[in-house]
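So the chains spell out like this:
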Amino acid sequence: MIGTIIASIGNSALQYAAPYLYAAIGETIGQRSGLLNLGVEGIMLMGGYIAFFIVTATESLLLALAGAVVMGMVFGLITAFLNVTLKAEQGISGIGIYIFGLGLSTFLFGITIGDVRTIDGFPDLVIPGISSIPILGDILTQNALVYAAFLLAPLAWYFLNKTPFGLKIQAVGQRPRAADSLGVNVNRVRYITATIGGILASIAGASLSIGVLNVFQQNLTSGMGFIAVALVYFGGWQVYQVVLGCLLFSAIDGLKSWLQVAGVGIPSEFTLMLPYVVILIVLATMARKRVYSPDALTEPFDRGEG
Amino acid sequence: MINKKSSFSLVVVLVISLSFFLTVGVSAQSDKFRIALVMPSTVNDMAWSQSMYDSLLAIQEEMGEEDLEIAYSENKYVISEANTAIRDYANRGFDLVIAHGSQYGAELVNIAPDFPGTSFAWGSTARTFSDQGIDNIFAYEPHAGQGGYVNGVIAARLSESDIMGFIGPIESGDAKKYMLGFKQGVKAKSPDAKVKVTWTGSYSDVAAAAKTAKSHIQAGADVLTGTSQMVTGAVGEAKKKDVMWFGYDVDQSPLAPNTVVSSVVVDFSGPVRQMIDLIKEGTLGEKIFPATLENGGIRMALNEKALGDEYEEVKSLAEDTVERIVDGEIEISLED
C-alpha cells in the first residue's frame, strides 16, 4: 500500500511539475534580465490551444509542438515590444497579455474546434530496464514532454550561469546601465529573453493540452501560469531552486488528491488548501534568508540619449 | 389643388397608416418570444451550461427561429458580472431571463422586483422567493440523485475491482445529490463495493480533475464518475488508462467514445416550454419545475460503442432501474 502511494504521488508530482517547469524556467530567464511577465497564463493558453488545434487537424504531435513554439515566439515578441520598446508598466501589460490570451484562445477554440473533446497526446515512454522496476518504474513512466522539461532545467542553469550570453542576461537584470556601458545591447538581450520566456510558456500550455491532459477547453490552465510566476520568487530566481519549488508544489498537490482518495478523514477543504499553506510556510521561512533578486526587475531601460 | 382640410385629412391618414405599420412591426416583434441565458461557463462545456443551451436549441428548433430568439452570456462566474448581464437582458425587454446557476439567487432577489414585467428563472433550486412577495421568478431543479442511482447500478454491474471514484467540484447542490444517488445505486447492486468520494474545490479546474482521476485509478478504481465542466480532464485520464467513465449533465460519449459508458442527460426543454406557455398566459413566476426521470427532465444515454456485447443487458438493467424509480419502488435518500 505504501509503495502504491509513493508511486502514485511520485508519478503525479513529476507529470504535473512539467508545465510549471517550462513556464517557471522561462519566467526565471526573463526576470533575470529584468523583465516581469505576468502574461505567462495567457501565453500558456494560446500555446495549449494551438497545439491542440494542430493535433485535431493533422494528428501530428511534432507539428503541434512546432506550432506552440511559433505561437510562443509571437507572444514573446509582443511582450518585449510592450515592455522594452514601449516601456509599459510590466505588471499592467502582463495582465493585458493574460486577458488577451484568455479571450483569444477561447474565441479561436470556439470557431475552429467548437466542442470539447479528448485527443491522443504524447504517449508514456517505456524505458527498457527502468519501467519494470517496482515503484521507481511507475514514477518514471512519463511522456517525452515531461522528460524534456526536466532536461531543460540543467540546460537553463548552464545557459544562465556558464555562457557569455547568460552572464549578459544577469548583468542586464542587475545593472543595466553598467552593462550598456560595456557594450551590451540591453534591449536586444531583453527581447531575446522575452521571446525565450514566451516560447517556454507556450510549450508549458502545450504540455498540458497534448501531453498531460489531452484536452482543451476555455481557461484550461486555471491559474497555473500565475503559480509559475510565484514559483520564480519562491525559488529565489535560482534555476535549481525554482525546479525544487515546482516539484514540491506538484508533489503536495498530488498528496492532496491522495489524502481524499485514501479517505483519511481530513475535511476536503483542508486538503485543498494544503499546497498553498506549505508554499506560504516556505516563503515565510525564506524571507529570513538573503535572497538574490534582479535589481532592475520591472524597470525599463533608457539610455538617456539625446 | 389641395385645401387645408384635405391636407389635414392626408396627414391623419398618413399617421394612421404609419401607426398601423408600426403596430404591425411592434406586434411582430412582441410575438417573437425572447429568452436570454446567463451561465457560469460556456455553451460547449459538455456539462451544466451546455445542458441548458442544448435544451433551448431543441425548443427553438420546434418553434422556429422566427418565433423564438435566444441570446446568451457565457463565463459569468463572477456574480457581479452576471448581475450586469441579467439586468441588461431585462432592460432590453427579454421575456424570460434564465440565470443558470444556484449562485445567482441572491442577485435575482434584488433584480426581479425592478422588472415586474419580466420573468426570471434560476436553478438548480426549489426557491422562487414567493415568500418574499416576488412573483416573477421560476425555479428549476434536476433530481440528480435519480440519474446518479441508475449510473451507480450500471457501474456496479460493470466494475471488476469493485472500487469506484467520484470527482466532484464542491460538496453541495446537484453534485452532492448525484454523488449520493450514485453511491446508493452501487450499494444496491454490490453492497461490498467502495465508492471513494473526492472534491476538487473548483468547477473549472481541469487539471485538478485529471490529477484526482489519476489518484483514483492508482488506488484501484476501474470506474470513475463526476460532475461539472472540469470533468473533461478526468475523462481524458480515464481514456488514457482505459477505465470506464459515467457522465452527468449531457451525453459525454463524444468526449471519449470508448470510455464514456453511460451519461445522465439533464433536459430542461420541458420546464422551459412550460415557462413559455405560462408567461404567454400572464404567469411570470412562483412555480418550481423539477427535472426528473418521470417527466423526461432526466434521461439516460447509454453508449453502445463502449458497452459492446454488454449493451443489451446493461440497457435492460438501466430501463428496469428507471422504471422502479418512476414507480416509486426505489427512493433515493438525500442523506449519506
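## Some remarks on the overall build of chain B
Regarding its fold elements, chain B presents eleven helices and twelve strands. If one aligns the C-alpha atoms of chain B with their principal axes, the spans along those axes are about 100 × 40 × 40 Å. Within chain B, the proportion of its 336 residues that are buried is 57%. By sequence separation, contacts in chain B at least 24 residues apart represent 68% of the contacts at least 6 residues apart. Roughly 14200 Å² of accessible area belongs to chain B as shown, and the carbon and sulfur atoms make up 50% of that amount. Of the side chains in chain B, 28 bear a positive and 47 a negative charge, and the two mean positions are spaced by 5 Å.

## Some details on the nonpolar core
Of all hydrophobic cores here, the largest spans 101 residues; its most connected members are A:I25, A:I210, A:L213 and B:W245. A:L213 has contacts with A:Y16, A:L208, A:L220, B:V206, B:A207, B:A210 and B:G236, leaving out every residue within four places of it along the chain. Of all hydrophobic cores here, the second largest spans 62 residues; its members include B:V43, B:W48, B:A155 and B:L284.

## Overview of the domain arrangement of chain B
Reports of interface size often rely on the accessible area that becomes lost once the parts have come together. Residues and elements named next belong to chain B. Taken domain by domain, chain B comprises domain 1 (28-143 + 268-291) and domain 2 (144-265 + 298-326). Relative placement of domain 1 and domain 2: their C-alpha centres are 29 Å apart. The interface of domain 1 with domain 2 comprises 13 residues on the first partner and 16 residues on the second. Between domain 1 and domain 2 the total buried area reaches about 1100 Å² when both faces are included, carbon and sulfur atoms providing 56% of it. The largest share of the area that domain 1 buries against domain 2 comes from M46, A47 and H143, three residues that together contribute 51% of it. With a closest N to O distance of 2.9 Å, E141 and K177 form a salt bridge. Only α2 (48-63) and β5 (137-142) provide two or more residues apiece to the side of domain 1 that touches domain 2. No other element matches α2, which puts four residues into the side of domain 1 that touches domain 2. Taken together, the residues of the side of domain 1 that touches domain 2 sort by class into five nonpolar, five polar and three charged.

## Brief notes about the sheet that holds strand β8 (residues 223-226) of chain B
Residues and elements named next belong to chain B. Here six strands make up an open sheet; going across it, the order is β7-β6-β8-β9-β10-β12 and the pairing mixed. At either end of the open sheet lies a strand with only one pairing partner, and these are β7 (194-199) and β12 (298-302). Between one strand axis and the next, the sheet turns by 15° as a mean value, whatever way the strands run. As paired elements, β8 and strand β9 (residues 244-249) share three bridges and run parallel to each other. Residue pairing across strands places V223 opposite M244, the latter belonging to β9.

## Describing the confidence of the model for chain B
Residue and element names in this part refer to chain B. Chain-level statistics for chain B give a pLDDT mean of 90 and a share of 91% at 70 or above. In this model, residues 4-29 is a region of pLDDT below 50 whose contacts with residues beyond four sequence positions or in other chains number one contact. Among the prediction metrics, the complex's ipTM stands at 0.86, with pTM recorded as 0.86.

## Considerations on the interface of chain A and chain B
Counting residues at the interface gives 32 residues for chain A and 32 residues for chain B. Where chain A abuts chain B, roughly 2700 Å² becomes buried across the two surfaces, and 50% of that area is made up of carbon and sulfur atoms. Of all residues in chain A, A:V116, A:T118 and A:V261 give up the largest surface area on contact with chain B, accounting jointly for 21% of the area buried on that side. Put simply, chain A and chain B have two salt bridges between them. In this structure, the salt-bridge partner of A:D253 is B:K211, at a minimum N-O distance of 2.1 Å. For the pair chain A and chain B, the number of links is 13 residue pairs in polar contact (both at pLDDT 80 or more).

## Let's talk about the packing of helix α7 (residues 206-218) of chain B against helix α8 (residues 231-241) of chain B
Residue and element names in this part refer to chain B. Contact geometry of α7 with α8 gives a least axis separation of 6 Å together with a crossing angle of 40°. Note on packing geometry: the crossing formed by α7 with α8 is right-handed. For the pair α7 and α8, contact is made by V206, A209, A210, A213, K214 and I217 and by V231, T232, G233, A234, E237, A238 and K241, respectively. Split by residue class, the contact of α7 with α8 holds eight nonpolar, two polar and three charged.

## Re the sheet that holds strand β3 (residues 96-99) of chain B
All names here are of chain B. Across the sheet, six strands lie side by side as β2-β1-β3-β4-β5-β11; this open sheet has parallel pairing. Since the sheet does not close on itself, it has two edges, and those belong to β2 (68-73) and β11 (288-291), each with one partner. Here the strands of the sheet are splayed against their neighbours by 20° on average, with no regard to which way each runs. Note: β5 against β11, four bridges, orientation parallel. When the sheet's bridge partners are listed, P142 is paired in β11 with A291. Along the sheet, α2 contacts β1 (33-38), β2, β3, β4 (119-123) and β5; its crossing angle with β2, the most-contacted strand, is approximately 165°. The strands that helix α9 (residues 269-281) touches are β1, β3, β4, β5 and β11; relative to β1, the one it contacts most, it runs at about 130°.

Rules behind the numbers
- Residues numbered from 1 in each chain as written.
- Chains lettered and ligands numbered in written order.
- Predicted model: local features only at pLDDT ≥ 70, side-chain atom pairs only at ≥ 80, totals over all residues.
- Heavy atoms only, no water.
- Helix = DSSP H or I, 4+ residues; strand = E, 2+ residues; numbered from the N terminus.
- Buried < 20%, exposed > 50% of the residue type's maximum accessible area, 1.4 Å probe, protein only.
- Contact = heavy atoms within 4.5 Å.
- Areas by Shrake-Rupley, 256 points an atom, 1.4 Å probe, with all protein chains shown as cover.
- Lys, Arg positive; Asp, Glu negative; His and termini not counted.
- Charge placed at Lys NZ, Arg CZ, Asp CG, Glu CD.
- Core = buried A, V, L, I, M, F, W, Y, C linked by side-chain atoms within 4.5 Å.
- Domains from an automatic or database assignment.
- Buried area = accessible area lost by both parts, 1.4 Å probe.
- Salt bridge = Lys/Arg side-chain N within 4 Å of Asp/Glu carboxyl O.
- Nonpolar A, V, L, I, M, F, W, Y, C, P; charged D, E, K, R; others polar.
- Pairing = 2+ DSSP bridges.
- Axes fitted to C-alpha atoms, helices over the stretch in contact; angles between N-to-C directions.
- pLDDT = per-residue confidence, 0-100.
- Polar contact = N/O pair within 3.5 Å; in protein donor to acceptor, adjacent residues only side chain to side chain.
- Left-handed = near helix turned anticlockwise from the far one by under 90°.

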